[in-house]
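# Coordinate inspection notes
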Amino acid sequence: MKLNTKKFGAFAATLALSLLSVGVISAPARAADCPYPVTDQTSNDNPKANIRLVSPVLTDSNSIRRYDFEGQFTLDCDWFGVGMRFNQVYVPFGLNTTLTFQATSPAGAPLANQKVTLRANKGYSSSNANIRVNGIKARPAPSTAADGASVFGNTDSNGMISFHITSPDDCEAYGGVLPAAPTRLDADTPNDRNQSPMTDCYSQLLPSINGEKLDSADFVELHYFDSSALTYGTEEAEIKLLAPLLDDSNSIAGDGVVQAYVPVTTKQVVAFQALKPDGSWARNVDVRVRVNLADSGATAKVSAGIVGNSANGSATVLTAADQLKTAEDQLVLSGKTDAFGIVTFYLNNLDTLAPAAPATKTTPVPTEGAKFARVFAEVLNKTSIGSALELHYYKPVPPTSITITASGRKITVVINNAIGKTSTVSITGKAKAYVKPTSSKKVLTYTVTKGVKKITVTANGKTVTKTFTIK
């Protein structure tokens, strides 16, 4: 595939001029493959966060994976964090899209309650689709580092975050044109084919936490096309859970239901995808999300709402499930699948009490005393095949904390949340003390003599050391 450098031409040219203006005239060996000067080829080698698209799932057959961009922008040049991925995907004009990303640490741990910004119509990309993201209108991409819009939100307890993308209402508003439908989902885009954004209608999107070089993030470029020849609908659909990401290592699969543990009082992003019998996306079909299904015994107090269910997708309004209902569903949400056959919704837990944390994520759920919600998405008035999702809420064990302070000749040690754990206190000039707290907060005081005192406290695997000069 021919590398399209025009999309990033303005960016690259500006970068080159900027570097040359400060006298950069050489670069590391691999920078010879980059058409512009590179000051430090390793500056993007260790991203602080990964931000991956988990819904929809893009492949080489349903999108265009730009391996050429990925190599040049991360390995040859050092513009983006190593591991960045770039997909172009076709979207029927008039259909909305919900993109769900998961943010994780380099080791793969979910980044909960993490602020994530979606850069829409990214600077230098020549994006010309007048989309809205969570109701915020994205301007055409400037020929600078600025973006058409920056929209942010916070991740859920699994590190997931969703952005609602509203289809442009006029592809000509920013100098583009609505192209014909592609012959294949992996065919070159009009912009790549013609080397001209004016023959296309697209929006380039990039999630961000720390910045371009410090994130290993997924680019998504939505290319809209004339959808007038398309018809929507299906007599049968298979419902597939896309988010949260569950497998044999973090959930329990049963007969028609998948069970997973989540902390109480948390928000969850949940996404189901409807597929036709031939495996294609069941786009723009009426769906309903059933929350706390009838006769399921669901006991969790929850509220839920389909992402972007207000005007222009500006907000997601949540509705509380009616816990008084047992023989019927406690809450039913109505909506349509998006351009990828997906319905995405938020599920918030409102309980304050729940069972203790399970031993592992695959520990069988309790037969009594469980606090859980059961949800299922289905195509309205059609045969829907798939598994329900059952979220079992638990009360997380508070993290152990240690504080050490000094006042006059008194040292105070406070150990929180280490009940039944043997803790040690070492102070210069004193014998090591051993203590096993019987309450969530244990306060210990010690009188010491003058001089430099080093205090080391270990509790439940945590160690804190402080040094004071006692006068």
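Residues numbered from 1 in each chain as written. Predicted model: local features only at pLDDT ≥ 70, side-chain atom pairs only at ≥ 80, totals over all residues. Heavy atoms only, no water.

## Considering the sheet that holds strand E14 (residues 257-263)
Two strands in a sheet stick together by hydrogen bonds in their backbones, pointing the same way (parallel) or opposite ways (antiparallel). Quick reminder of the rule: The rule for pairing is simple: two strands pair if DSSP sees at least two bridges between them. Only DSSP runs of H or I covering at least 4 residues are called helices, and only runs of E covering at least 2 are called strands; the numbering of each starts at the N terminus.
Reading across the sheet, the six strands line up as E13-E14-E23-E21-E16-E19 and stay open at both edges, with mixed pairing between neighbours. The sheet is open, and its two borders are formed by strand E13 (252-253) and strand E19 (331-336), each paired with just one other strand. Where E14 and strand E23 (residues 388-394) come together, seven bridges link them in parallel fashion. Counted as the bridge partner of Tyr261 is His392 from E23.

## Section: the side chain of Ser227
Quick note on the threshold: Counted as a polar contact is a pair of N or O atoms within 3.5 Å, where, for protein atoms, one must be capable of donating a hydrogen and the other of accepting one, and residues adjacent in sequence contribute only when both atoms are in side chains. Whether two residues are in contact is decided by their heavy atoms: any pair within 4.5 Å suffices.
Here Ser227 shows up in the loop between strand E11 (215-225) and strand E12 (236-243). Looking at Ser227, its side chain comes within polar contact range of the main-chain oxygen of Phe93, at 2.7 Å. When neighbours within four sequence positions are excluded, Ser227 is seen to be in contact with Pro92, Phe93 and Tyr232.

## Observations concerning the state of the cysteines
Here a disulfide denotes one covalent bond, and it connects the sulfur atoms of two cysteines. Condition: Any pair of cysteine sulfurs within 2.5 Å is marked as a disulfide.
Throughout the structure, instances matching the rule amount to two disulfides. Cysteine pairing for the protein chain, with bonded cysteines counted in sequence order: 1-2, 3-4.

## A word on the sheet that holds strand E28 (residues 441-447)
Quick reminder of the rule: Where helices are involved, their axes are fitted lines through C-alpha atoms of the stretch in contact, as for all axes, and angles between N-to-C directions lie from 0 to 180°.
Taken in spatial order, the three strands line up as E24-E25-E28 in an open sheet, and their pairing is antiparallel. Where the open sheet ends on each side, the last strands, each with one partner, are strand E24 (401-407) and E28. Geometrically, the sheet is characterised by an average inter-axis angle of 15 degrees between neighbouring strands, direction not taken into account. Bridge count between strand E25 (residues 410-416) and E28: seven bridges; the pairing is antiparallel. Residue Lys410 lies in a different strand from E28, and its bridge partner there is Thr447.

## Thoughts on the nonpolar core
Operational definition: Definition used in this section: a nonpolar core is a set of buried Ala, Val, Leu, Ile, Met, Phe, Trp, Tyr and Cys residues joined via side-chain atoms within 4.5 Å. Partly exposed describes any residue whose relative accessible area lies between the buried limit of under 20% and the exposed limit of over 50%, with all areas from a 1.4 Å probe on protein chains only and scaled to the type maximum.
The biggest cluster of nonpolar side chains holds 51 residues, and the ones touching the most others in it are Phe101, Ile131, Val133, Phe163, Ile165 and Leu205. Among the elements that take part in this core, E11 stands out by supplying five residues, more than any other. Contacts of Val133, omitting those with residues within four sequence positions, involve Leu118, Ala120, Val151, Phe163, His164, Ile165 and Leu205.

## Quick look at the pairing of strand E1 (residues 49-55)
With six of its seven residues buried, E1 lies for the most part within the structure. Judged from the three bridges that link them, E1 and E11 form a sheet pairing that is parallel. Across the sheet, residue Ala49 finds its bridge partner in E11, namely Asp215. Here E1 pairs with strand E4 (residues 97-104) via five bridges, running antiparallel.

## Overview of the side chain of Thr234
Here Thr234 lies in the loop between E11 and E12. For Thr234, a relative accessible area of 13% gives the class buried. Sequence-distant contacts of Thr234, that is, excluding residues within four places in its chain, are made with Lys276, Pro277, Ala282, Val285 and Lys382.

## Observations regarding unusual backbone geometry
For the bond from Ser55 to Pro56, the omega torsion is 5 degrees, close enough to zero to count as cis. Summarising the element assignment, Pro56 is placed in the loop between E1 and strand E2 (64-65). Residue Ala243 is joined to Pro244 through a cis peptide bond whose omega torsion reads 0 degrees. Locating Pro244 in the fold gives a position in the loop between E12 and E13. Phi angles above zero are rare outside glycine, and Asn121 is one such case at about 50 degrees. Structurally, the position occupied by Asn121 is in the loop between strand E5 (115-120) and strand E6 (132-133). With relative accessibility at 0%, the residue Asn121 sits in the buried group. For Asn381, which is not a glycine, the phi torsion comes out positive at approximately 60 degrees. Here Asn381 is to be found in the loop between strand E21 (372-379) and strand E22 (383-386). Overall, the relative accessible area of 72% leaves Asn381 in the exposed class.

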